[in-house]
Amino acid sequence: MGRRSTRSGRRTASTTCFRACTRSRGRSTLVVRTDILQELGLQEPKTWDEVYTMLKAMKAKYPAIYPFTDRYSQPKPTGNLWNILGASFGAPGGWGFQHAIWDAAAGKYVYTAASPQWKAWVEFLNKLVSEKLLDPESFTQTDDQARSKLATSKSFVITGNAQGLVNDYRPDLAKNPAAKLKKIPLPIGPAGEVNPQSRMENGVMISSKAKDNKNFVAMMQFIDWLFYSDAGQEFARWGVEGTTFVKEPPASWNSPRTST
């Protein structure tokens, strides 16, 4: 997408960019060396079972390494991995741990770490470690140690978000121009397609009275458009093209010129 120039001082690009980046900061998943996937003839994994298959193929090709290493283990061991993996199984751990989860079948809350869902993802993680697909040092090492392994091709997979990808991992691999990294969609587990991130920061609350309004359907359609379409996001952040902003061609990364 090209740069935005604002008019009439109605919206500043710097403020909007900051808010947009902050909003997307927490969307963590797996970051994968896609050049290795291409080398092995593999597609990006869409499920955790496919992640396991991917790691097995990487290990078969490169038996001397652990294909998956992780960071974010201080103060909580693999806080990020336990969170996204656990959420995919219906019992988040790590950063997202809560003592109780709702058991819909039983109609009551149960202790998270005693649930079948928790046991299932712990067993999955144990399988990765036992088969030497996940680096056991992931649970104790520093962030710098994990990044170093990724940078020196001693691993091909790590957890992270967009900022970690751009600010850490890609610069770390700059000396290896053949290396290609991508943040893939969160793999699907037994809990289905989930978003393990907190809803405490942003959200929409709609009064129960709204359902009785004659414009209820139109209201829902507008909310869907505003929050979940590219056009709605552009309108909310920039306004009306040609009135509050104009689009310009994408600039080169080394271009010193900026729009005001």
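Look up a bit, the structure's there.
Residues numbered from 1 in each chain as written. Predicted model: local features only at pLDDT ≥ 70, side-chain atom pairs only at ≥ 80, totals over all residues. Heavy atoms only, no water.

Any chance you could explain unusual backbone geometry here in plain terms?
Most peptide bonds adopt trans geometry, and most residues besides glycine take a negative phi value. Here Gln-74 and Pro-75 are connected by a cis peptide whose omega angle stands at 10 degrees. Structurally, Pro-75 can be placed in the loop between α3 (48-61) and α4 (79-89). (Helix = DSSP H or I, 4+ residues; strand = E, 2+ residues; numbered from the N terminus.)

Would you mind showing me how to read the nonpolar core here?
Looking at soluble globular proteins, one finds that nonpolar side chains tend to be buried together. Ranked by internal contacts, the top residues of the largest apolar core, which has 29 residues, are Leu-30, Trp-48, Leu-55, Met-58 and Val-157. Broken down by element, the residue count for this core peaks at 6 residues, all from α3. Those residues within four positions of Trp-48 in sequence are excluded, and the remaining contacts are Leu-30, Leu-81, Ile-84, Leu-85, Ser-88, Phe-89, Phe-124, Leu-186, Pro-187, Ile-188 and Gly-189. In terms of nonpolar packing, the next biggest core, distinct from the first, is built from 10 residues, Val-31, Ala-146, Ile-158 and Leu-173 among them. (Core = buried A, V, L, I, M, F, W, Y, C linked by side-chain atoms within 4.5 Å. Buried < 20%, exposed > 50% of the residue type's maximum accessible area, 1.4 Å probe, protein only. Contact = heavy atoms within 4.5 Å.)

Can you help me understand the environment of Ala-191 in this one?
As for its placement among the helices and strands, Ala-191 is situated in the loop between β6 (181-183) and α8 (216-228). Look at Ala-191 and you get partly exposed, because its relative accessible area is 38%. The spatial distance from the C-alpha of Ala-191 to the C-alpha of Gln-117 is 8.9 Å, given a sequence separation of 74 residues.

For this particular structure, what's the right way to read helix α5 (residues 116-130)?
In an α-helix, one full turn covers 3.6 residues, which means residues spaced three or four apart are oriented alike. Across its 15 residues, α5 extends 21 Å between first and last C-alpha, which sits within 8% of the 21 Å expected from 1.5 Å per residue. When we look at burial in α5, the residues that qualify are Trp-118, Trp-121, Phe-124, Leu-125 and Leu-128. Along α5, the residues classed as buried sweep out an arc of 130 degrees about the axis, all on the same side. Exposed residues lying more than 90 degrees from the buried face of α5 are Pro-116 and Lys-119. Packed against the buried residues of α5 are α3 and α4. Lys-132 sits one or two residues past α5 and shows a positive phi near 60 degrees. (Expected span 1.5 Å × (residues − 1). Arc of directions from axis to C-beta.)

Mind showing me how you'd approach the packing of α8 against helix α9 (residues 230-238) here?
For the pair α8 and α9, interaxial distance at closest approach is 5 Å and the crossing angle is 75 degrees. With respect to α9, the element α8 is oriented roughly perpendicular. Here α8 contributes Trp-225, Leu-226, Phe-227 and Tyr-228 to the contact with α9, which in turn contributes Asp-230, Ala-231, Gly-232, Gln-233, Phe-235 and Ala-236. Each residue belonging to the contact of α8 with α9 can be placed in one class, and the counts come to 7 nonpolar, 2 polar and 1 charged. (Axes fitted to C-alpha atoms, helices over the stretch in contact; angles between N-to-C directions. Parallel < 35°, antiparallel > 145°, perpendicular 65-115°, else oblique. Nonpolar A, V, L, I, M, F, W, Y, C, P; charged D, E, K, R; others polar.)

Distances and angles like these do not, on their own, reveal function.
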